[in-house]
Amino acid sequence: MPSPFPGMDPYLEHPDLWPGLHNRLIVRIADLLSAQLGDKYSVSLDVRMYEINDAESVLVGLPDVSVLSKKGQVNTSNSTEYQVAVTEPSTKPITVTLPIPISIREGYLEIQEVATKEVITALEILSPSNKRGGKGREMYLEKREKVLDSFTNFIEIDLLRRGQRMPISNDKNKTHYRILVSRKKQRPRAELYAFNIQNKIPEFPLPLRPEDTEPIIDLQELLTTIYDVGRYDLKIDYSQKPVPELSEKDATWANNLLQQQTLEK
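In this text, all values refer to a predicted model and were calculated from it rather than measured experimentally.

Participant: Just give me the short version of the overall build of the chain, but keep the residues and values in it.
Facilitator: In terms of regular secondary structure, the chain is built from six helices and nine strands. Among the 265 residues that make up the chain, the fraction classed as buried is 43%.

See below:
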């Protein structure tokens, strides 16, 4: 069954669902572009890695692609700190928690010109760690600044309502979601596609060399396919509130939409 929402489904932002969705979406976009770009360009799915400690992992939420321990196993340790008041020395040990480094992997795409090996366009899908304070955001902003100061085109997709938005001068848009398309020859100007949960996700072009036809990315169609293939209809309980929660106005709209579709069934 398809998602009941006309555009981005806010229930897909749940920390339990977003990591898998992020991964699936990156791969789907890579496959779409590889089929359209021909022999002049190649699409690379790369991974950015960095380490945070348990305390910081609480701030960024669940990992964006995977969270691995140093030994390469999924880390499920509890980051709760035990505070024990000891009034006098004791021969019995007390339980303490050590800050264990956690490796985070974030996937992103690069479109390279085959002949020159030059990166023509970089495409990022923002993750929770990019939009909250800490090492993940710092590293992403550093890379973002380097790309915007280079000759590389840049696409930034933000399908997360929670967290700090990425810097855009004179940005007064208060929409839920946004897609930024920055062509190297037009900077500092860029194209911003801003939309809400009530709207269909707009299609947007992939900037290439000026002489080449730009493929159009239909993110809505890709998400619809992922929703169906991933059977998210079995994973989501629409009787519960989404995480993060919607505003009162948006929640009323969403509840009316869900009730209407329930009646139609």
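From this point, things continue past the structure.
Participant: Talk me through the side chain of R187; I want residue IDs and the actual numbers.
Facilitator: Locating R187 in the fold gives a position in the loop between β6 (177–182) and β7 (191–195). Buried R187, no salt bridge; nearest opposite-charge side chain is D149, N-O distance 7.7 Å. At a separation of 3.0 Å, a polar atom in the side chain of R187 contacts the main-chain carbonyl oxygen of S150. Within polar-contact distance, the side chain of R187 engages the backbone oxygen of T152 at 2.4 Å.

Participant: An account of the nonpolar core is requested, with residue identities and associated values reported.
Facilitator: Among the nonpolar cores identified, the biggest contains 44 residues, and M8, L25, I29, I157, L159 and L219 are the most heavily contacted of them. The set of elements that each furnish at least two residues to this core consists of α1 (18–36), β3 (102–113), β4 (119–125), β5 (153–158), β6, α4 (219–229) and α6 (248–264). With seven residues, the single largest contributor to this core is α1. The residues touching M8, leaving out its near neighbours within four places in the chain, are E13, W18, L21, L159, Y177, I197, N199, I201, Q220 and L223. Judged by nonpolar contacts, the second largest core, of six residues, contains A122, L126, V147 and M166.

Participant: Tell me about α4, and name the residues and values.
Facilitator: Every buried residue of α4 is listed here: L219, Q220, L222, L223, I226 and Y227. Buried residues in α4, looked at end-on, bunch into an arc of 160°, giving them a common side. Trailing α4 by a residue or two, R231 shows a phi angle of about 50°, which is positive.

Participant: Got a sec to walk through the environment of R28? Specific residues and values, please.
Facilitator: Looking at the secondary structure, you find R28 in helix α1. Owing to a relative accessible area of 31%, R28 belongs among the partly exposed residues under this scheme. Note: C-alpha distance between R28 and T225 (197 residues apart in sequence) is 9.3 Å. Residue contacts for R28: discarding those within four places in its chain leaves L222, T225, I226 and V229.

Rules used throughout
Residues numbered from 1 in each chain as written. Predicted model: local features only at pLDDT ≥ 70, side-chain atom pairs only at ≥ 80, totals over all residues. Heavy atoms only, no water. Helix = DSSP H or I, 4+ residues; strand = E, 2+ residues; numbered from the N terminus. Buried < 20%, exposed > 50% of the residue type's maximum accessible area, 1.4 Å probe, protein only. Lys, Arg positive; Asp, Glu negative; His and termini not counted. Salt bridge = Lys/Arg side-chain N within 4 Å of Asp/Glu carboxyl O. Polar contact = N/O pair within 3.5 Å; in protein donor to acceptor, adjacent residues only side chain to side chain. Core = buried A, V, L, I, M, F, W, Y, C linked by side-chain atoms within 4.5 Å. Contact = heavy atoms within 4.5 Å. Arc of directions from axis to C-beta.

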